[in-house]
Amino acid sequence: MFTARCPVCGRVELTADQLRLVLRPKKSFYLFRCPTCADSVRRPAGERIVELLTDGGVPSMQVAR
């Protein structure tokens, strides 16, 4: 399980299947749909977050720009 922050609901618990990681050369981010309010959320992902999400089995995709 992962804990993330929804701007509307605050802290939410998510499984790896509920998250998507987008890897970009300068600014990676992760996406999820809030399980409480159903809003789409995009949050920045620094090196440590990328490592944690990747190690935790979160699906990722590489984007060139």
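Use the structure listed above.
Predicted model only: the values in this text are computed from it and were never measured.

Undergrad: Explanation requested: the overall build of the protein chain in the structure shown.
TA: When helices and strands are tallied, the protein chain shows 1 helix and 6 strands. If you list the helices and strands of the protein chain from N to C, you get β-β-β-β-β-α-β. In terms of C-alpha radius of gyration, the protein chain reaches 11 Å, essentially the compact-globule figure of 11 Å for 65 residues. With the C-alpha coordinates aligned to their principal axes, the bounding extent of the protein chain is approximately 30 × 20 × 15 Å. Buried positions account for 32% of the 65 residues belonging to the protein chain. Of the contacts made within the protein chain by residues no fewer than 6 positions apart, 44% connect residues no fewer than 24 positions apart. Split by element, the accessible area of the protein chain, about 4,600 Å² in all, is 50% carbon and sulfur. For the protein chain, the distance from the average site of its 11 positive side-chain charges to the average site of its 6 negative ones is 10 Å.

Undergrad: Looking at this structure, how should I read the sheet that holds strand β5 (residues 40-44)?
TA: Whether parallel or antiparallel, the strands of a sheet pair through hydrogen bonds between backbone atoms. Spatially, the 4 strands line up as an open sheet ordered β5-β4-β3-β6, and their pairing is mixed. Strands at the two margins of the open sheet, each flanked by one partner only, are β5 and β6 (60-62). Strand-to-strand twist across the sheet, computed as the mean angle between neighbouring axes with direction ignored, equals 20°. Here 3 bridges tie strand β3 (residues 19-23) to β6, and the two strands are oriented parallel to one another. The residue of β6 that forms the bridge with Val22 is Met61.

About the thresholds
- Residues numbered from 1 in each chain as written.
- Predicted model: local features only at pLDDT ≥ 70, side-chain atom pairs only at ≥ 80, totals over all residues.
- Heavy atoms only, no water.
- Helix = DSSP H or I, 4+ residues; strand = E, 2+ residues; numbered from the N terminus.
- Rg over C-alpha atoms; globule rule 2.2 N^0.38 Å.
- Buried < 20%, exposed > 50% of the residue type's maximum accessible area, 1.4 Å probe, protein only.
- Contact = heavy atoms within 4.5 Å.
- Areas by Shrake-Rupley, 256 points an atom, 1.4 Å probe, with all protein chains shown as cover.
- Lys, Arg positive; Asp, Glu negative; His and termini not counted.
- Charge placed at Lys NZ, Arg CZ, Asp CG, Glu CD.
- Pairing = 2+ DSSP bridges.
- Axes fitted to C-alpha atoms, helices over the stretch in contact; angles between N-to-C directions.

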